[in-house]
Amino acid sequence: MSVNQLSTDNSAPDSHCSSCGAPYGEGISGWPRTCPACGNVAYRNPLPVAVALQPVYDTKGTALVVITRTIAPARGGIALPGGYVDHREDWRQALVRELREETGIEAASRDVRLVDALSSPDGHLLLFGVLPERPADHLPESAATDETDGWHLLRRPEELAFPLHTVAARAWFEGRY
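Residues numbered from 1 in each chain as written. Predicted model: local features only at pLDDT ≥ 70, side-chain atom pairs only at ≥ 80, totals over all residues. Heavy atoms only, no water.

Visitor: Which residues make up the overall build of the protein chain, and what values go with them?
Guide: When its secondary structure is counted, the protein chain shows three helices and eleven strands. Tracing the protein chain from N to C terminus, the helices and strands come up as α-β-β-β-β-β-β-β-α-β-β-β-β-α. The C-alpha radius of gyration computed for the protein chain amounts to 16 Å, which stays within 12% of the reference 16 Å derived for 177 residues, consistent with globular compactness. Judged by the C-alpha coordinates and their principal axes, the protein chain covers about 55 × 40 × 30 Å. The contacts in the protein chain between residues at least 6 apart in sequence include a share of 54% that link residues at least 24 apart. Carbon and sulfur atoms provide 49% of the accessible area of the protein chain, an area that totals close to 9,500 Å². (Helix = DSSP H or I, 4+ residues; strand = E, 2+ residues; numbered from the N terminus. Rg over C-alpha atoms; globule rule 2.2 N^0.38 Å. Contact = heavy atoms within 4.5 Å. Areas by Shrake-Rupley, 256 points an atom, 1.4 Å probe, with all protein chains shown as cover.)

Here it is in structure tokens:
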């Protein structure tokens, strides 16, 4: 199965709760909508997403940290660590929180540098931040989390689970960030 199939087979746009990830199920449509699992009320607003570009180096060269998703959308796909910015949360804090939650990698929000802001066709604003390069052998061991099968290294540009992640990773590898 290709990554393109992964991103479309697992869910339709807006089919899952942005708070807990549960599917809305049949009969729930329109806006606002209430999640049957957690009760979160969702509105059709552009939600900012903070996405981390964490460069690392080892004897094989320089790479980016990526995760394998275990939740929809794009379950089974490879993506950059990231997620929604919480209410009243600075996007840089969201970026390092998501990096920690999805990989166990600690970082300081003051070290995040904005490298791109891209809008997706579904109305999300993705804020891509890069962190300082660090040695791969100083990272915590890869371990599964609530949303991932763990992290690994992307050593060259390739198609990722989300098209804008692909754009950002390619730009990083090409030296544009």
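Now that the structure has been shown, the text picks up again.
Visitor: With reference to specific residues and values, describe the pattern of salt bridges.
Guide: Taken as a whole and judged by the stated rule, the model has seven salt bridges. Its salt-bridge partner being Arg155, residue Asp58 comes within 2.5 Å of it at the nearest N-O pair. Of this pair, Asp58 sits in strand S4 (residues 55–58) while Arg155 sits in the loop between strand S11 (148–154) and helix H3 (163–173), and the two are 97 residues apart along the sequence. Given a relative accessible area of 29%, Asp58 falls into the partly exposed group. Where Asp86 meets Arg97, a salt bridge forms, and the shortest distance between an N and an O atom there is 3.5 Å. (Salt bridge = Lys/Arg side-chain N within 4 Å of Asp/Glu carboxyl O. Buried < 20%, exposed > 50% of the residue type's maximum accessible area, 1.4 Å probe, protein only.)

Visitor: Which residues make up the pairing of strand S8 (residues 113–119), and what are the values?
Guide: Bridging between S8 and strand S9 (residues 125–130) involves six bridges; their strand directions are antiparallel. Within S9, the residue paired with Asp116 across the bridge is Phe128. As consecutive antiparallel partners, S8 and S9 are separated by five residues, and within that stretch Gly123 has a phi angle of approximately 95°, a positive value. (Pairing = 2+ DSSP bridges.)

Visitor: So, the side chain of His124: which residues are in play, and what are the values?
Guide: Assignment of secondary structure puts His124 in the loop between S8 and S9. For His124, a relative accessible area of 13% translates into the label buried. For His124, the side chain forms a polar contact with the side chain of Tyr84, separated by 3.3 Å. Not counting the four nearest positions on each side in its chain, His124 is found in contact with Leu47, Val49, Tyr84, Leu118 and Ser119. (Polar contact = N/O pair within 3.5 Å; in protein donor to acceptor, adjacent residues only side chain to side chain.)

Visitor: Residues and numbers for helix H2 (residues 91–103), please.
Guide: Over its 13 residues, H2 extends 18 Å from the first C-alpha to the last, a length consistent with the 18 Å expected when each residue adds 1.5 Å. When H2 is considered as a whole, its buried residues turn out to be Trp91, Ala94, Leu95, Val96, Arg97, Glu98, Leu99, Glu102 and Thr103. Close packing links the buried residues of H2 with strand S3 (48–53), strand S5 (61–69), strand S7 (82–84), S8, S9 and S11. Sitting at the amino-terminal end of H2 is Asp90, which places a side-chain oxygen 2.7 Å from the backbone nitrogen of Arg92. Gly104 sits one or two residues past H2 and shows a positive phi near 85°. (Expected span 1.5 Å × (residues − 1).)

Visitor: Break down the packing of aromatic side chains for me, with residues and values.
Guide: Using the criterion set out here, one finds one aromatic pair in the structure. On the numbers, 4.9 Å between centres and 80° between planes, the contact of Trp172 with Phe173 is edge-to-face. On the accessibility criterion, Phe173 (23% relative accessible area) is partly exposed. Positioned above the aromatic ring of Trp31, the side-chain terminus of Arg33 is 3.8 Å from the ring centre. (Phe/Tyr/Trp six-rings, centres within 6.5 Å; stacked < 30°, edge-to-face > 60°. Lys NZ or Arg CZ within 6 Å of the ring centre and 35° of its normal.)

Visitor: How would you summarise the pairing of S3 if you had to cite specific residues and measurements?
Guide: The buried fraction of S3 is high, at five of six residues. In the sheet, S3 pairs with S7 via three bridges, with the strands oriented antiparallel. Note on S7: the bridge partner recorded for Ala50 is Gly83.

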